[in-house]
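Here's the letter readout for the chains.
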Amino acid sequence: MNTKYPTIKKCLFPAAGYGTRFLPATKAIPKEMLPVLTKPLLQYGVEEALAANINTIAIVTGRGKRAIEDHFDISYELEHQIKGTSKEHYLTEIRSLITKCTFSYTRQVEMKGLGHAILSGETLIGHEPFAVVLADDLCDGNSHGVLAQMVSLYEKHGCTVVAIEEVPREQTYKYGVIAGEEIEEGVYRVSDMVEKPDPKDAPSNLAIIGRYILTPDIFDIIRDTKPGKGGEVQITDAILEQAKQGRVLAYKFKGKRFDCGSVDGFVEATNYFYAKSES
Ligand code: G1P
């Protein structure tokens, strides 16, 4: 599509968190590498980015996350071992991703929240609009990936876009929650955003899920953002500054989303993708 706005070419994956909810599994394995069927969560995210024509992948890692770099690299020994055997096809998908995408990494050296993690990625993103995927929100948009849906909306409006879904009121304390006016079906002009509000204080039941398109002024805003909920620098608080200027849309995406940061969501995702693979 022709658009007057800069194209989204880069996707940032904050992947420095400890994954405490999955201990002891995440003691030596990054939570982003936990597999749903045979693919790690992060690979699903990278595939979703590629489906949105985004092939520059920027990953914010931390200590103990080296398996991520190895995953998105050729393993010559393995390739050599299985070349010409019946097992070769198991590597086809990941090999294709490695060919089509470039991967770069930086480390978040202190865990100071999602806003801070995104700011750590500035060195990889530079001054252009970009996507953010939180890999533990696993999305299935079927033929039309969630990030691709959001890029289409960005191409029309040229502003920050956050993905939302309706959640039961009593769960608002787990999410960033927005308030806004619906300007077209499923698209809201955001007027307020609160990070993990108590249900009684939540401005709505429209929860942000881990997909964002951000304009690059967000980096300066994050630099000026004071620690918020939980003493961490929250991306929600930074985006609120853009929202106050009418520059944020929330988009009710089409598709399914699983909270793979929780054991229940992870099991649900596994069952869903298994049933899908069998059909
Ligand atoms: C983060 C964000 C939150 C958002 C959520 C989506 O929270 O801070 O606003 O709703 O991701 O998964 P986390 O789940 O990392 O605590």
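Predicted model only: the values in this text are computed from it and were never measured.

Reading the values: rules and limits
- Residues numbered from 1 in each chain as written.
- Predicted model: local features only at pLDDT ≥ 70, side-chain atom pairs only at ≥ 80, totals over all residues.
- Heavy atoms only, no water.
- Helix = DSSP H or I, 4+ residues; strand = E, 2+ residues; numbered from the N terminus.
- Rg over C-alpha atoms; globule rule 2.2 N^0.38 Å.
- Contact = heavy atoms within 4.5 Å.
- Buried < 20%, exposed > 50% of the residue type's maximum accessible area, 1.4 Å probe, protein only.
- Pairing = 2+ DSSP bridges.
- Near = heavy atom within 4 Å.
- Polar contact = N/O pair within 3.5 Å; in protein donor to acceptor, adjacent residues only side chain to side chain.
- Areas by Shrake-Rupley, 256 points an atom, 1.4 Å probe, with all protein chains shown as cover.
- Salt bridge = Lys/Arg side-chain N within 4 Å of Asp/Glu carboxyl O.

Asker: If you had to explain the overall build of the protein chain to someone new, which residues and values would you point to?
Answerer: In terms of helices and strands, the protein chain carries ten helices and 13 strands. Computed over the C-alpha atoms, the radius of gyration of the protein chain is 18 Å, within 12% of the 19 Å expected from 2.2 N^0.38 for a compact globule of 279 residues. Dimensions of the protein chain, computed from the C-alpha atoms along their principal axes, are close to 60 × 40 × 40 Å. In the protein chain, the proportion of contacts linking residues at least 24 apart, taken out of those at least 6 apart, comes to 77%.

Asker: Lay out the pairing of strand β4 (residues 56-61) in plain terms, naming residues and giving numbers.
Answerer: Counted residue by residue, β4 has five buried out of six residues, so it is predominantly covered. Bridge count for β4 against strand β5 (residues 102-107) is six bridges, and the pairing is parallel. Residue pairing across strands places T61 opposite R107, the latter belonging to β5.

Asker: Go over the environment of P40, please, and point to the residues and values.
Answerer: The residue P40 is located in strand β3 (residues 39-40) in this model. For the pair P40 and P30, spaced ten residues apart in sequence, the C-alpha separation works out to 9.9 Å.

Asker: Give a description of the site of the ligand that names residues and reports values.
Answerer: The local shell around the ligand holds 13 residues, among which D137, G176, E195, K196 and I208 are the closest. The contact in question runs from an oxygen atom of the ligand to an N or O atom on the side chain of K196, over 2.7 Å. Across the complex, the protein chains shield 76% of the 380 Å² of accessible surface that the ligand would expose by itself. Considering every element that reaches the shell around the ligand, the biggest residue donor is strand β11 (residues 206-214), with four residues.

Asker: Break down the pattern of salt bridges for me, with residues and values.
Answerer: The final tally for this structure, using the stated rule, is 22 salt bridges. Where K9 meets E128, a salt bridge forms, and the shortest distance between an N and an O atom there is 3.9 Å. Of the two residues, K9 sits in the segment before β1 (10-14) while E128 sits in the loop between α6 (122-125) and β6 (130-133), which places them 119 residues apart along the sequence. Taking the relative accessible area as the measure of exposure, E128 reaches 17% and is therefore buried. Two residues, E165 and R257, come together in a salt bridge whose shortest N-O distance is 3.1 Å. In this pair, E165 is assigned in strand β8 (residues 160-166) and R257 in strand β13 (residues 256-259), connecting sequence segments 92 residues apart. The residues E165 and R257 share a single accessibility class, namely buried. Counted as one network, the salt bridges with shared partners bring together K9, K10 and E128.

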